Amino acid sequence: MIRRRAVVGLAACSALLAACDVADRRPAALRARPREVSGRLGPGEVNLGSPTGRETVLYVPSSVAPDAPSPLIVSLHGAGSDARGGGLFTQALADQLGALILAPSSQGRVWDRNFGADLALIDASLAEAFRRARVDPARIAIAGFSAGASYALALGRANGGLFSRVMAFSPGSVPDGGRQGKPRVFITHGVDDELLPIDRASRRIVSGLRNEGYDVAYNEFDGGHTVPPDELALAADWLGW
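Definitions and cut-offs
- Residues numbered from 1 in each chain as written.
- Predicted model: local features only at pLDDT ≥ 70, side-chain atom pairs only at ≥ 80, totals over all residues.
- Heavy atoms only, no water.
- Buried < 20%, exposed > 50% of the residue type's maximum accessible area, 1.4 Å probe, protein only.
- Helix = DSSP H or I, 4+ residues; strand = E, 2+ residues; numbered from the N terminus.
- Arc of directions from axis to C-beta.
- Phe/Tyr/Trp six-rings, centres within 6.5 Å; stacked < 30°, edge-to-face > 60°.

Student: Sorry, what's going on with helix H6 (residues 229–239) here?
Tutor: Along an α-helix, residues three or four positions apart point the same way, because every turn accommodates 3.6 residues. Along H6, the positions that sit buried rather than exposed are Glu231, Leu232, Ala235, Ala236, Trp238 and Leu239. The buried residues of H6 all sit within an arc of 165° when viewed along its axis, so they share a single face. Seen from the buried face of H6, the exposed residues on the opposite side, beyond 90 degrees, are Pro229, Asp230 and Asp237. At the C-terminal side of H6, Gly240 shows a positive phi close to 70°.

Student: I keep staring at the packing of aromatic side chains and nothing clicks. Help me out?
Tutor: Each aromatic ring pair is specified by the distance between its two centres and by the angle formed by the two planes. Taken as a whole and judged by the stated rule, the model has six aromatic pairs. Ring centres of Phe89 and Phe145 lie 6.4 Å apart, and the angle between their planes is 55°; on these two criteria the pair is classed as tilted. Pair noted here: Phe89 is in the loop between strand S3 (70–76) and helix H2 (91–97) and Phe145 is in strand S5 (residues 135–145), with a separation of 56 residues, a long-range link. The exposure class of Phe145 is buried, given its relative accessible area of 18%.

Geometric values such as these leave the question of function open.
See below:
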C-alpha cells in the first residue's frame with residue numbers, strides 16, 4: 001500500500017514539474033525546493049518508487065533530530081547498480097550526521113548525460129522527499145560514486161542554489177549541465193584505480209574546478225575503485241554538519 005501511494009505521488013510531482021517553465025539555460029537545472037512540513041518520518045527506508053518501477057529510496061537514520069529540519073544527501077550510485085545496491089553507499093555518513101538520504105535509480109545502466117529522464121526523476125523524487133520530510137535548505141548535498149560521482153558534479157555545478165556541498169567519490173569526468181553559484185566540492189580517488197585512472201580523472205577534474213574558482217577539498221588514498229570507510233569519515237568531517 002505504501003509503495004502504491006508513493007508511486008502515484010511521485011508521478012504527480014513529475015507531471016507538476018514538467019508543467020513548470022523550462023526556459024532555463026542550465027540543462028541540468030532542478031526546480032524542487034524544500035517546503036514547510038508538519039509531520040516527521042520515522043527511522044527506516046521508504047520506497048518512493050518511480051515511473052519505471054525502479055526504486056527510489058528515502059532513508060531516515062535513527063540519529064535524525066526529532067524536532068528540527070534535517071540535512072539531506074542525494075546519493076547517486078555507480079554504473080550498473082541501483083538505489084539500494086549502490087545509492088546507499090553514504091549510509092554510514094548519514095548515520096553519523098543524522099542526515100536523510102535520497103537515493104534514486106538511473107533508468108539505464110548509467111546516468112543520462114543528456115539530462116533527460118534521469119534528471120526529471122531526480123527532480124520529482126526531491127519534490128516528493130520535500131513533501132514528506134522537513135529538510136534544512138542550508139544543508140542539502142549531492143554525492144555520487146564513479147559514474148554517479150560525475151553526475152553529482154554536473155548537477156552540483158548546475159544547482160548551486162540548491163546544493164551547498166558536492167561529494168564525488170572516484171569521478172571520471174564532469175558533464176556540462178550549466179553553472180549556478182559555487183558550491184563547495186569534496187573529491188576523493190584511489191591512486192590504484194584501474195577503471196578510472198586517477199591521472200585521467202580526478203587530478204584533471206580538480207585542476208579544472210579550481211581554475212574555475214571552486215573551493216575543492218581533494219584526497220587521494222591507497223586503493224582502487226572503491227569508497228573506503230575512512231574516505232566517508234573524511235567527507236563527514238568536511239561537511240561540518
